[in-house]
Amino acid sequence: MYGTKRKGITTLVIALIVIILILLAVAAYAFAYPSTSTKTVTNTSTKTVGTGTGTVTSTVTTTVTGSAPVTSIGALKVGIILPLTPTDNSWNYNAYNAIYKIKNQTGLTLQVAENKASGTDADVPAQQWASLGYNVVIFMGGQYQAEANTFAGQHPKIMSVCVDCTVANYSNVYRIWLDLSGGGFVLGAMAGMVSHTHNFGLVGGGDIPSIWEGHEGFIAGVMYTSPATPTITNTFEAFAWADVQGAETTATNDYTNGADVVFSSGDGIDVGVLGAALAQPSTPQVWASNVYTNLTAILPADNKILLGSIVVDYYTPFFKALEQFASNNWHWGYTKVDMASGLIAVQPGPNLPADVKAAGLALQSDIVEGATIISFASTSSGAPYCFVNSGASSCADNTLTVPSGGGMPTGNMAALFSYLPPVSSLP
Amino acid sequence: MRANTQGLRWLRATAYNVLAIGLGILAGLLVVMYAGGNLGVALSSLFLNPIELAGGSKQIFVRFVLFYTMGMGVGLALKAGLWNIGAQGQLLIGMVMVFVVYGFLAFLPWPVLYVAMILGAALGGLLWIAVPTILRVKFGANEIVVTILLNVVAINFAFFMLSGPIKSAGTALGFPHSVELPAKFQIPSIVSSVPITYAVPATIAMGIILYLLVERTPFRVRANTVGESHETAKYAGISIPRVMTVTMLTAGALAGLAGATYLMGYRYELDIGSFSTNYGLVAIICALVGRKHMLGIGIASFFFAYMTIGAESMALSANVTTYVVFAMEGIMMFGILLGNYLTERKYAV
Amino acid sequence: MTVPLSDVLIGVFSTTLTLSPFYLFAGMGEVVSEQSGVANMGLEGIMLMSLMTTFVVDYMTGNPWVALLAAIGVAGVIGAFFALAAIRLRLDQIASGLAIYLIGLGLSFVIFNVVYPSGLTPNYIPLPPLVTNWNTGPRALGLIFLKQNVMAYVSLVLVVVTAFLLTRTSLGLRVKAVGENPKAADNMGVNVNKVRFLATLFAALTFGVAGFYFAGNFVPGFQTDIIAGRGFIVLAMIYFANWKPYRVLFAALSFNIVYAAQSEYVSLSGFGVASFSTLFNMLPYVFLLALIPLFGRKARAPKFLLKPYKKG
């Protein structure tokens, strides 16, 4: 008995020693490849003053952090924060592919942080990138607006790109703000023409300006062209951008309840709505739309039910932002992404009747050329175009003017942004 | 001789735990390597980033407090043979209660309100676990099933509260969140330059108190007996309902309390980012690694706080999805169970 | 909104029949497994792995039946692993189940990400509906019954078969005996652990089918944590159904009727912003909880559920 116990102890001790040795080796390897973080360089020099024996020790400490002025995009280090993952063929997919395309063209360094549900979650990778000397952080979503501004205040040398944001409190916040109303309007106009049942469904995500602008645009477009009074069902869902199944169930219900067109506003909702449309029988024809990506180009199998895509170009604004940063010309920068600027275009579904397609494209060029301007003023009879049934935002006479020099927007929607920190005096 | 065996058994179990954790880390490294990452960068981000990068060290202590507090509750309930799978839901309700108290009891003077917020969170967690506890004690309803359902209900309830009663006035941004707690309602750092808040020593103190109250009193034996066999407990005259109620309610209160320290010590506002975390599961792992011992859970929690941050950082630097951390945790848990099995087999009577 | 009530009801029933089979497949497997004394808490992990496999194989081959086979295969492997841990090694069933869940949750998306890093996938080719032109003919019949695919009906058949096997055959008696009194069963010559192993494996295979069914009927694409806790709900359903297959059918159908009804109501009442819709989202779960006073009081778990058995 003693013999076996001794053997047991020996085995155990040997095992422990081996484990500790392995861990030490691993740690040593890790230390041999230090991560690139901020380094503090200390130079100490000793001088003899005069004829005496006194010594003067001067210590010069320089902290080297990341970005010295760069002149090439390829030398930049960029991090992008996504609310979901590129599997949605929509918002996240579009952003990921846009920045990835730039990376392939220029050779910049790119890191992607996915599934960050809110600003506080986004802060973790953002701070990590700041320590690693990254130059640009792209916050891909309006939910990061507060965090993008706070982060910008903490790291004045880093460009904080905020997509779907309208507020900049610091000069290093680069706003890319979104106005989907034109795209929604064109889609709605085509929907009004092509629908047989005059019953329309909309499935949406959070109650944020860019989404309900898209919804209102769609509803306004339907009312613009529908020959009969339309029935409209508008659903905003909780956790919508991620609740694929909920979106699919809602869209299916809409179709069962008689809708033959369903408008979808992006992310996981697109996945669900398009799936529901594809599951419907081929006659009577039903339609669904999607946002942010050109589905005809990337998923042609969806063409049979595709009303159209509101295609958003993020490549251009990203490239512009990086270019301006590289040429040191980026303060208070912004890009407005809408139909008039040419960064939003509607790609009609290939299966649409030719006259509907033509009408839609004609309307689009009107908007681009400024011949038609979308606004949501209430009609003279007092009934607003807007069917968005939300307690938070009224839809009549919504105005939002975004100042180019930064600061809070004005207009009667400005109250939505009162929670953000006040403007700083940073140059 | 007996003491020697006990010590050896502990040593052996710990060695196996270490091996299990090493296995999980190895799995993560394999995934990173397969995705084309650099081994050196991966290792350095895993081991060094938590302390080197900004915010990393603060995160370690925040998660340590979170896992330890929740883990103690889970471990306590586990002693009595009860699984608190609902820790995540109780955590969420605790966080909601912080803002409910903040909003609706705002007339109270500051120090009273501050304490009320923390107690309210613990109370919220306690109330949330009260239903499964009553159902288990009175009707024998399986607490696992009820707590799982309540987890889902908690998420929906918290979303409802965030969109209404505790919503921040200025936000209609569709991603609802609460107001941000001003500085005097946050848990301050002990020394301003070091990111350790008062929550850390408070949690350690609580751990010591619970250790003294649980491990060093007859309660430990009572709870263990209930956990092992109800027949033996009844024979020994132990009040099973009382033990179960005390352990479960404490577990719920601790999870709710964790919500308060997490909010007031780190996050300062409640938004949907807190809804889809898996901290409840990691707390269970910590309880298992710590062998349900009030102090052992503390060591395990610190380790897992460090490890999860390092693993997430490693995934980020290799452009691999952070979901790999879940897989690593699962493998570690499996290894720990296996280690326990091998230890018990060696020393089984 | 002028939508006729008949349309609303048709929508509710149609959705119910689309969603319930997922719970039924998993439910039947878990009932058998738990009757023999093994509870598999990792079912959602197995489902996620099967779901991911379904999508990947379907994208690659375009054939949903091949995807089904692959899903079942993957589930079987993981299930065998779990059975080994829980039965042979007698590890704690709940803890090892949770471990499997974590591994499945992480690994499924890791693998999917490796295969489709940019996210662009082809379309999922689903199983065809029972009757291809289901929309010609009576509206209610088509939308509710003919639109479902064959696996939906397989699940209903499975309920009947499971109930029959458990109550009327010697195989079922053996399973129940092993869960109620393994010592006695052992004395009668039943290989307790072998029966448990087979029951657990059967359960894992049904989880694989459930994961396959989730694709196309619940979601048309794979996202992170997409099953989102529905697998765990199955455990609750079985509990409230007192481990009886027909009651599981009732629990699943009623749960999904409540879900579908509240979804329709939220859409049609135009609540707009989500705040009130979350209150309604809670209804199906509160409904399940409310079943406790009805069924849970007399719920008697198999006596040796979660207790490992050691021969001799």
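The shown structure was predicted, so the numbers you read here are calculated from the model rather than taken from an experiment.

With that out of the way, let us pick up the overall build of chain C. Along chain C, the regular secondary structure elements total 13 helices and 0 strands. Start at the N end of chain C and walk to the C end: the helices and strands fall as α-α-α-α-α-α-α-α-α-α-α-α-α. In terms of overall size, chain C behaves like a compact globule, its C-alpha atoms giving a radius of gyration of 20 Å where 312 residues would be expected to give roughly 20 Å. Expressed as lengths along the three principal axes of its C-alpha atoms, the size of chain C is roughly 70 × 45 × 40 Å. Out of the 312 residues in chain C, the part that is buried amounts to 60%. When contacts within chain C are restricted to residue pairs at least 6 apart in sequence, those whose partners lie at least 24 apart make up 79%.

Within chain A, the regular secondary structure consists of 11 helices and 14 strands. Each of the 427 residues in chain A was classed as buried or not, and the buried ones make up 55%.

Let us now look at the interface of chain C and chain A. Interface size is often expressed as the accessible area that is lost when the parts come together. Each side of the interface is counted separately: chain C has 38 residues, and chain A has 43 residues. Those elements that provide at least two residues to the side of chain C that touches chain A are α1 (5-35), α11 (245-268) and α12 (275-281) of chain C. By residue number, the principal contributor to the side of chain C that touches chain A is α1(C), which donates 6 residues. Residues belonging to the side of chain C that touches chain A are distributed by class as follows: 18 nonpolar, 18 polar and 2 charged.

Residues and elements named next belong to chain A. One open sheet accounts for 6 strands, arranged β4-β3-β5-β6-β7-β13; its pairing is parallel. Both outer strands of the open sheet, β4 (109-113) and β13 (334-337), are each paired with one neighbouring strand and no more. Put simply, the sheet's adjacent strands are angled 15 degrees from each other on average, direction ignored. Relative to strand β5 (residues 136-140), strand β3 (residues 77-81) runs parallel, the two sharing 4 bridges. Along β5, the bridge assignment pairs Gly79 with Val137. Packing of helix α3 (residues 119-131) onto the sheet brings it into contact with β3, β4 and β5, and relative to β3 it is tilted by some 175 degrees.

All names here are of chain A. Reading across from one edge, β9-β8-β10-β11-β12-β14 is the order of the 6 strands in this open sheet, with mixed pairing throughout. What marks the edges here is a single partner per strand, and that holds for β9 (231-236) and β14 (344-348). Here the strands of the sheet are splayed against their neighbours by 15 degrees on average, with no regard to which way each runs. Judged from the 5 bridges that link them, strand β11 (residues 287-292) and strand β12 (residues 306-312) form a sheet pairing that is parallel.

It is worth spelling out helix α8 (residues 199-215) of chain B at this point. All names here are of chain B. In this model, α8 (17 residues) spans 23 Å end to end at C-alpha, consistent with the 24 Å of a helix rising 1.5 Å per residue. Among all positions in α8, only Ala199, Val200, Thr203, Gly207, Leu210 and Val214 are buried. Seen from one end, α8 has its buried residues packed into an arc of 95 degrees, which puts them on one side. Turned more than 90 degrees from where α8 packs its buried face, Pro201, Ala205, Ile209 and Leu212 sit exposed.

Before going further, it helps to spend a moment on unusual backbone geometry. For the bond running from A:Thr283 to A:Pro284, omega is -5 degrees, close enough to zero to count as cis. Position of A:Pro284 relative to the elements: it lies in the loop between α8 (268-279) and β11. Within the chain, B:Asn319 stands out as a residue other than glycine whose phi angle is a positive 55 degrees. As for its placement among the helices and strands, B:Asn319 is situated in the loop between α13 (294-317) and α14 (324-347). A count of 17 C-beta atoms within 10 Å places B:Asn319 in the partly exposed class.

On a regular strand, one side chain projects to one face of the sheet and the next to the other, so that they alternate. Residues and elements named next belong to chain A. Of all 6 residues that make up β11, 6 are buried, and the element is covered over most of its length. Examined bridge by bridge, strand β10 (residues 261-264) and β11 share 2 bridges and lie parallel to one another. When the sheet's bridge partners are listed, Val262 is paired in β11 with Ala288. Chirality of the crossover, the property in question, places the unit of β10, α8 and β11 among those that are right-handed.

Now for the confidence of the model for chain A. Confidence in the prediction for chain A averages 76 pLDDT; 69% of positions are at 70 or higher. Segment residues 377-397 of chain A: pLDDT under 50, and 45 contacts once partners within four positions in sequence are set aside and those in other chains are kept.

This part takes up the environment of B:Ala158. Residues and elements named next belong to chain B. Looking at the element boundaries, Ala158 is found in helix α7 (residues 143-163). Taking the C-alpha atoms as reference points, Ala158 and Gly89, separated by 69 residues in sequence, lie 9.4 Å from one another. In this structure Ala158 touches Leu92, Val96 and Phe275, once residues within four positions along its chain are discounted.

Time to look at the packing of helix α12 (residues 279-289) of chain B against α13(B). Packed helix pairs are specified by the crossing angle of their axes together with the interaxial distance, meaning the distance between the axes. All names here are of chain B. Relative orientation of the contacting elements α12 and α13 amounts to 135 degrees, with a least axis distance of 8 Å. The orientation of α12 with respect to α13, classified from their angle, is oblique. Relative to α13, α12 is oriented so that their crossing is right-handed. Counting all contacts with α12, which are made through Val282, Ile285, Cys286, Ala287 and Val289, the residues of α13 involved are Ile297, Ala300, Ser301, Phe304 and Thr308. Tallied by class, the residues present in the contact of α12 with α13 amount to 8 nonpolar, 2 polar and no charged.

Residue and element names in this part refer to chain A. Counting buried positions along β5 yields 5 of 5 residues, so the element is predominantly enclosed. Here β5 runs beside strand β6 (residues 159-163); their pairing, made up of 5 bridges, is parallel. When the bridges of β6 are listed, Val137 appears paired with Ser160. Remark: the β5/helix α4 (residues 145-154)/β6 crossover connection has right-handed handedness.

Relative to the helices and strands, C:Asn123 resides in the loop between α4 (93-115) and α5 (139-146). The exposure class of C:Asn123 is partly exposed, given the 17 C-beta atoms found within 10 Å. In the structure, C:Asn123 is positioned 64 residues away from C:Tyr59 in sequence and 7.0 Å away in space, judged by C-alpha atoms. Once you skip the residues sitting within four places of it in the chain, C:Asn123 turns out to touch A:Leu299, A:Ala301 and A:Asp302.

Quick notes on the rules
Residues numbered from 1 in each chain as written. Chains lettered and ligands numbered in written order. Predicted model: local features only at pLDDT ≥ 70, side-chain atom pairs only at ≥ 80, totals over all residues. Helix = DSSP H or I, 4+ residues; strand = E, 2+ residues; numbered from the N terminus. Rg over C-alpha atoms; globule rule 2.2 N^0.38 Å. Buried ≥ 20, exposed ≤ 12 C-beta atoms within 10 Å, placed from the backbone. Contact = placed C-beta atoms within 7 Å. Nonpolar A, V, L, I, M, F, W, Y, C, P; charged D, E, K, R; others polar. Pairing = 2+ DSSP bridges. Axes fitted to C-alpha atoms, helices over the stretch in contact; angles between N-to-C directions. Expected span 1.5 Å × (residues − 1). Arc of directions from axis to C-beta. Right-handed = clockwise from strand over helix to strand, strands pointing away. pLDDT = per-residue confidence, 0-100. Parallel < 35°, antiparallel > 145°, perpendicular 65-115°, else oblique. Left-handed = near helix turned anticlockwise from the far one by under 90°.

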